[in-house]
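# Report on the structure
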Amino acid sequence: MGESRRSNRHRRLFWNLRQRWKLLGLFEIDKEHEFYPLTCDLKQGLKQAIQESIYSDTTIALADEDYSAKITQGHEGFLMRSYAGPVFSYFRQSLGVSEESFTRSLSCNDFYLQFISNSKSKADFFLTNDKRFFLKTQTKREAHFMLQILRRYIEHFQLYPHSLLVKILGVYSITYAQNKKKYFIIMQSVFFPDERITSRYDIKGCKVSRWTEPEPEGSRVLQVFKDCNFEGNVICLDQQRAWLLRQMELDARFLQQLNVIDYSLLVGSQPLHADEKNQSWSLANLIVRTKRSVNGAASPTASNTASVPGTVDGEEDSSERDEGGAGLMGSQEMKPAEQIPMKKLKAQLSMVSDTSDIITQNRRLLPNYKNALHVVDGPEQRYFIGIIDIFTVYGLRKRLEHLWKSVRYRGQEFSTVSPLYYSHRLCHWVESHTV
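Note that the coordinates shown come from a computational prediction; the quantities given were computed from them, not determined experimentally.

## Concerning the sheet that holds strand S9 (residues 199-203)
Ordered in space as S10-S9-S12-S14-S13, the five strands form an open sheet in which the pairing is mixed. Two strands in the sheet have a free side with no partner beyond their single neighbour: strand S10 (225-226) and strand S13 (375-377). Note: strand S12 (residues 264-271) against strand S14 (residues 381-388), eight bridges, orientation antiparallel. Bridge pairing links Pro271 to Gln381 in S14. Seen against the sheet, helix H8 (residues 241-257) touches S12, S13 and S14 and runs at an angle of roughly 10 degrees to S14.

Right, here's the structure in full:
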């Protein structure tokens, strides 16, 4: 009886904490949490699965069997299966995400975080403790769809390395007794690092059900707002605007070809510090940034220690000094002793690819910043921008939903429309809300 009372008390305590944490949207999955056993198994299983599927040489093209590869590993009480492991390993390395840092984030001793979203899906969202990677549960259909489009997804990034599409870094399943299988994907967080982000929006380019009621002023609630909340605001990019419009067009066209809808454009922003707005960059630093923007972090001319394309050696250390005012867009003017001799600068310039390739692939000069592929700086604000939720196919069910909503919301803009209209509408939203 005493043990039963303690158990009930723990459940009530957890329920109360959950109600409070639910407002915050993000909380630790500690030993009292219902998902604690699952996250412990995920850490154990993922650590071994990643080691098993490491693709050692990114200069060698992927083979057909890599896309269909399945590796099942037995653990005490569960099975872990990785899908197309060599392909995702190759992709991670091409993005500059080392297997060591990937494993470290996913299997660290710190608790995973749970993110409570206002998404209509029933998916569970887990976040690594460093907030760098999301783990999201998927239906079997969604997981198989991702594997089905994987080759085209990888090819899209080869054509457009600075794509805004969410970076999906793995597909896995975990199976317990009685064949209780959960599929999940791992993806980079668009909003990383998030310490200074002041606003977050999930944009679909329509109006119906696209309003989030703001919390009272002073609330600590972590909110992601929607289209209607954004009205009256603009994304001020100045010279970067043309690049963004072109990349949105390229990515939206790709998703249209996949026949998918309901994807969202995530937009977060934070004010730039004074030293970030008035950077005095050395020619050497610009050369390094240009090389990484053109060649990528995993190229032979770039350091293997960089975490993302566009970073420079030691970025992770310097980025941690953000709050101290060091500036995240690159080091300040180098001292004369640190500058690269002109002879070496000329040699580096000669290694940069043909500029016609740069234009065709819509590359930009990436910032010297963590998660550089999702960061775009304007004159006053730093923006975090990415396209997420790319798994909703416009099939029979969605076509019927479109017909029903056409009657219910006659004359209004709702989410469920054809892939062609959806892509054009979202691109138009970006064009009309940027300057």
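## Examining the pattern of salt bridges
Pairs can form between side chains of opposite charge once their charged atoms are near each other. Taken as a whole and assessed by the stated rule, the structure comprises 18 salt bridges. When the shortest N-O distance is used, the salt bridge between Glu142 and Arg141 registers 4.0 Å. Between Lys398 and Asp262 there is a salt bridge; the shortest N-O distance is 3.5 Å. You can see Lys398 sitting in helix H14 (residues 396-408) and its partner Asp262 sitting in the loop between strand S11 (260-261) and S12, a full 136 residues away along the chain. Residue classification places Lys398 among the buried positions, given a relative accessible area of 11%. Among the ionic contacts, a cluster of salt bridges with common partners joins Arg196, Glu276, Asp377 and Arg382.

## Quick look at the packing of aromatic side chains
Where two aromatic rings form a pair, the distance of their centres and the angle of their planes describe that pair. Summed over all chains, the structure comprises 18 aromatic pairs. A ring pair is formed by Tyr153 and Phe157, whose centres lie 5.1 Å apart and whose planes are at 65 degrees; its orientation type is edge-to-face. Of the two residues, Tyr153 and Phe157 are both situated in helix H6 (residues 140-159); the distance of four residues between them amounts to about one turn of the helix. Of the two residues, Tyr153 and Phe157, neither departs from the other in class, the shared state being buried.

## Here we look at the sheet that holds strand S8 (residues 180-188)
With antiparallel pairing, the eight strands of this open sheet are ordered in space as S1-S4-S5-S6-S8-S7-S3-S2. Sheet topology places strand S1 (26-28) and strand S2 (70-75) at the edges, where each strand pairs with a single neighbour. Across the sheet, the mean angle from the axis of one strand to that of its neighbour is 25 degrees, orientation sign disregarded. Here six bridges tie S2 to strand S3 (residues 78-83), and the two strands are oriented antiparallel to one another. Across the sheet, Ile71 pairs through a bridge with Ser82, a residue of S3.

## A look at the confidence of the model for the protein chain
Fine structural detail should not be taken from predicted coordinates in areas where pLDDT scores are low. Within the protein chain, residue pLDDT values average 82, and 76% of them lie at 70 or more. Counting contacts from residues 297-342, a segment whose pLDDT is below 50, to residues more than four positions away or on other chains yields 109 contacts. Below a pLDDT of 50 lies the segment residues 348-352, which in the model reaches nine contacts outside its immediate sequence neighbourhood of four places, other chains included.

## Description of the pairing of strand S6 (residues 133-138)
Of all six residues making up S6, six are buried, and the element is well covered by its neighbours. Neither face of S6 is left uncovered, since the one carrying Phe133, Leu135 and Thr137 and the one carrying Phe134, Lys136 and Gln138 both have all their residues buried. By the bridge criterion, three bridges tie strand S5 (residues 125-127) to S6 in an arrangement that is antiparallel. Of the residues in S6, the one forming a bridge with Leu127 is Phe134. Taken together, S5 and the strand that follows it, S6, pair antiparallel across an intervening segment of five residues, in which Lys131 is found at a positive phi of about 65 degrees. Summarising the sheet, S6 and S8 pair through six bridges and their orientation is antiparallel. What sits directly across from Thr137, in S8, is Phe184.

What counts and how
- Residues numbered from 1 in each chain as written.
- Predicted model: local features only at pLDDT ≥ 70, side-chain atom pairs only at ≥ 80, totals over all residues.
- Heavy atoms only, no water.
- Pairing = 2+ DSSP bridges.
- Helix = DSSP H or I, 4+ residues; strand = E, 2+ residues; numbered from the N terminus.
- Contact = heavy atoms within 4.5 Å.
- Axes fitted to C-alpha atoms, helices over the stretch in contact; angles between N-to-C directions.
- Salt bridge = Lys/Arg side-chain N within 4 Å of Asp/Glu carboxyl O.
- Buried < 20%, exposed > 50% of the residue type's maximum accessible area, 1.4 Å probe, protein only.
- Phe/Tyr/Trp six-rings, centres within 6.5 Å; stacked < 30°, edge-to-face > 60°.
- pLDDT = per-residue confidence, 0-100.

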